[in-house]
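Reading the structure
The residues making up each chain are set out below.
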Amino acid sequence: MLENDIFERLTTLLDTQNARYRVMEHVTGGRSEEVAKIRGTHLGQGAKGLVCHVKGNGYRQYILAVLPADQQADLAALAKQVGGSRASLASPKEVSELTRCVFGTIPPFSFHPDLKLVADPLLFDRYDELAFNAGSLERSIILNTEDYRRIAVPELVAFRKIAA
């Protein structure tokens, strides 16, 4: 089963890198707000992963863009920051092929060579721990923020919407 494969890859990676984390089994939550309540975490601790397709200016790349769950993505800013001219969310089929997960269960790690990992810097500024679904709607990982940054090594790209 795909979910178990991703969960096993994640926990093996975190264990081999001596990460400080815990696994939480829970009921399925719908929106990020509900899941944060179930986990007992702040909404901003959620690491929301969006699979995007960035194109233009000779640039063509799938990107796993991670930002705090209490923020919204500015896809135009993402495209500009990485060298493209436009970005869109990937299709469910593309998401499944690139992450082996479905929407809502994507962890903030890329295990696919064609999926570049970027994270908004705000993800690292507010909380000591990040929470994310671990390939399943019923299983989360709560991970030390600095361990995430050290292990995943995302490129830092500011792409959250800034209120005017």
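Keep in mind the model is a prediction, meaning the values are calculated, not measured.

Before going further, it helps to examine the UniProt feature "domain: YbaK/aminoacyl-tRNA synthetase-associated" (unreviewed entry) in the chain. UniProt's entry tags residues 32-151 with the feature "domain: YbaK/aminoacyl-tRNA synthetase-associated" (unreviewed entry), counted in the numbering of this structure. Secondary structure content for residues 32-151 is 26% helix and 36% strand, while the C-alpha to C-alpha distance between its ends is 24 Å.

As a further point, take the sheet that holds strand β5 (residues 115-119). An order of β4-β2-β3-β5-β8 is seen for the five strands of this open sheet, with the pairing classed as mixed. Looking along the sheet, the strands with just one partner apiece sit at the ends: β4 (86-89) and β8 (155-156). One ladder, built from 10 bridges, connects strand β2 (residues 47-56) with strand β3 (residues 59-68); its direction is antiparallel. Its bridge partner lying in β3, Leu-50 is registered against Ala-65. Across the sheet, helix α4 (residues 92-99) touches β2, β3 and β5, and the angle it forms with β2 is around 110°.

Cut-offs applied
Residues numbered from 1 in each chain as written. Predicted model: local features only at pLDDT ≥ 70, side-chain atom pairs only at ≥ 80, totals over all residues. Heavy atoms only, no water. UniProt positions renumbered as here; feature names shortened; annotations may be inferred. Helix = DSSP H or I, 4+ residues; strand = E, 2+ residues; numbered from the N terminus. Pairing = 2+ DSSP bridges. Contact = heavy atoms within 4.5 Å. Axes fitted to C-alpha atoms, helices over the stretch in contact; angles between N-to-C directions.

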